[in-house]
Amino acid sequence: KFQLQDEAFQSSGVSFAESQQALQLSPSIYERLGEEGLLELSTLFYDRVFRDDRETWFLNIFSSSTKQQAIDNQYRFLVQTFGGPELYKEKKGKYTRLAGRHANYNIGRRAADRWNQHMQDALQSHSILQKDSEARMALENYFQYTAHYIVAASDFMRPDQLSGGTKIDEGRIW
Ligand code: HEM
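For clarity, every value in this text was computed on a predicted model and none was experimentally measured.

Q: Break down the coordination of the iron atom of the ligand for me, with residues and values.
A: Protein coordination of the iron atom of the ligand is limited to a single donor, His102 (NE2), positioned at 2.0 Å. The topology assignment puts histidine 102 in helix α7 (residues 98–102).

Q: Describe the site of the ligand, listing the residues and the values that go with them.
A: Around the ligand there are 20 residues in total, and Ser65, Asn73, Tyr88, Lys92 and His102 lie nearest to it. Tryptophan 115 places a polar side-chain atom, nitrogen or oxygen, 3.3 Å from a nitrogen atom of the ligand. Here the ligand is seated within the largest pocket. At the level of elements, α5 (67–81), α6 (87–92), α7, α8 (109–125) and α9 (133–157) are the ones that each hand at least two residues to the shell around the ligand. By residue class, the composition of the shell around the ligand is 14 nonpolar, four polar and two charged.

Q: Got a sec to walk through the nonpolar core? Specific residues and values, please.
A: Counting residues in hydrophobic clusters, the biggest one holds 40 residues, and the most contacted among them are Ile29, Leu38, Met119 and Phe143. Of all the secondary structure elements, the ones that give two or more residues to this core are α3 (29–50), α5, α6, α8 and α9. For this core, the element with the most residues is α3, which contributes nine residues. Contacts of isoleucine 29, omitting those with residues within four sequence positions, involve Ala22, Gly34, Leu38, Phe82, Ala135 and Leu139.

Q: Which residues make up the confidence of the model for the protein chain, and what values go with them?
A: Reading fine detail from the predicted coordinates is not recommended where pLDDT is low. Residues of the protein chain with pLDDT of at least 70 account for 90%, and the chain-wide mean is 90. Ranking the helices and strands of the protein chain by mean pLDDT puts α3 first, with 98, and helix α10 (residues 159–162) last, with 52. Confidence drops under a pLDDT of 50 for residues 162–174, and excluding neighbours within four residues, the segment shows 30 contacts in the predicted structure.

Q: Describe α9, listing the residues and the values that go with them.
A: Relative to the 36 Å expected for 25 residues at 1.5 Å per residue, α9 spans 35 Å between its end C-alpha atoms, a close match to the ideal helical length. Within α9, 18 of the 25 residues are buried, which leaves it mostly tucked inside the rest of the structure.

Q: Tell me about the environment of alanine 112, and name the residues and values.
A: Here alanine 112 shows up in helix α8. With relative accessibility at 2%, the residue alanine 112 sits in the buried group. Apart from the residues lying within four places of it in its own chain, the contact partners of alanine 112 are Ala147, His148 and Val151.

Q: Talk me through the packing of aromatic side chains; I want residue IDs and the actual numbers.
A: The tally for this structure, following the rule as stated, stands at 13 aromatic pairs. With a centroid separation of 4.8 Å and an interplanar angle of 70°, the aromatic rings of phenylalanine 45 and tyrosine 46 are classed as edge-to-face. Taken as a pair, phenylalanine 45 and tyrosine 46 share a single burial class, namely buried. Among the aromatic residues, those joined into a ring-pair cluster are Phe45, Tyr46, Phe50, Trp57, Phe58, Phe62, Phe82, Trp115, Tyr142 and Phe143. One residue, arginine 110, lies across the ring of tryptophan 57, its end atom 4.4 Å from the ring centre.

The rules behind the values
- Numbering of residues starts from 1 in every chain and runs along the sequence as written.
- Under the rules for a predicted model, residues below a pLDDT of 70 receive no local features and side-chain atom pairs below 80 are neither given nor counted, while totals for whole chains, interfaces and linings still include all residues.
- Calculation of side-chain values draws on the structure's entire complement of heavy atoms; hydrogens and water are dropped beforehand.
- Note on donors: an N, O or S atom is included if it sits within 2.8 Å of the metal, or within 3.2 Å for Na, K and Ca, and water is never included, so sites can look incomplete.
- Working definition: helices are DSSP H or I runs of at least four residues, strands are E runs of at least two. Numbering for both runs from the N terminus.
- In these notes, residues near a molecule or strand are those with any non-hydrogen atom within 4 Å of it.
- Counted as a polar contact is a pair of N or O atoms within 3.5 Å, where, for protein atoms, one must be capable of donating a hydrogen and the other of accepting one, and residues adjacent in sequence contribute only when both atoms are in side chains.
- Residues are said to line a cavity or pocket when one of their atoms sits within 4 Å of a point; the points come from a 1 Å grid over protein atoms alone, cavities being sets where a 1.4 Å probe fits but cannot get out and pockets being open sets with protein on both sides within 12 Å along at least five of seven lines.
- The rule for placing a molecule in a cavity or pocket is simple: more than half of its atoms must lie within 2 Å of the grid points.
- When residue character is reported, Ala, Val, Leu, Ile, Met, Phe, Trp, Tyr, Cys and Pro are called nonpolar, Asp, Glu, Lys and Arg charged, and the others, Gly included, polar.
- Here, the term nonpolar core denotes a set of buried Ala, Val, Leu, Ile, Met, Phe, Trp, Tyr and Cys residues that are joined through side-chain atoms within 4.5 Å.
- For every residue, the accessible area obtained with a 1.4 Å probe (protein chains only) is divided by the maximum for its type, and the residue is called buried under 20%, exposed over 50%, and partly exposed between those limits.
- Throughout, a contact is declared for two residues whenever any of their heavy atoms are within 4.5 Å.
- Per-residue confidence from the predictor is reported as pLDDT, a score between 0 and 100.
- An expected span of 1.5 Å times one less than the residue number is assigned to each helix.
- Ring pairs are drawn from Phe, Tyr and Trp, using the six-membered ring of Trp, whenever the two centres fall within 6.5 Å, and their geometry is named by plane angle: stacked under 30 degrees, edge-to-face over 60, tilted for the rest.
- Note on geometry: a ring has a charge over it if NZ (lysine) or CZ (arginine) is within 6 Å of the ring centre and within 35 degrees of the ring normal.

Here it is as structure tokens:
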């Protein structure tokens, strides 16, 4: 029934339940970092992505966006997801649809791993998260799992996969 969740767990080593702990922390991640701290995280992350000249196939995935756009989109998403105002909704509409919004990119497991390397690096360099290992580890798990969920789900949604139609996930396509 929850085939995509299973696939995400098998690829990332993080269960759905573990991944959700970041959303349930008290105080929330938003309260711990504030908008400034979440902007710092997205900036640290995309600084690393757009500097990635060792793995050009990875940087190429981002070729249709500017760094500033990418930072702004992710920042709004993080604020909204981790307990702040709905900044993402203001810009992009009601649903975050993470898997759907990634379906047009060619994202496989290697890309998820590279993405997570940059994110882990960003988490470790972050001025507040450096000293808050509870929040840092919760975010690490959340991102690990979610990146691999995106891979599983966008695989499922690619046109050449749609005719088979054997994978169902109880409507859990964000
Ligand atoms: C957007 C790649 C995983 C959140 C994007 C974009 C690319 C991309 C190329 C377009 C940049 C832009 O203009 O905003 C990837 C790759 C991933 C990955 C290769 C590896 C699996 C994730 C994860 C999250 C995430 C794990 C969050 C947990 C977002 C958000 C946007 C975005 C919120 C903005 C979408 C929009 O509103 O258009 N991603 N991403 N991504 N990504 Fe990812």
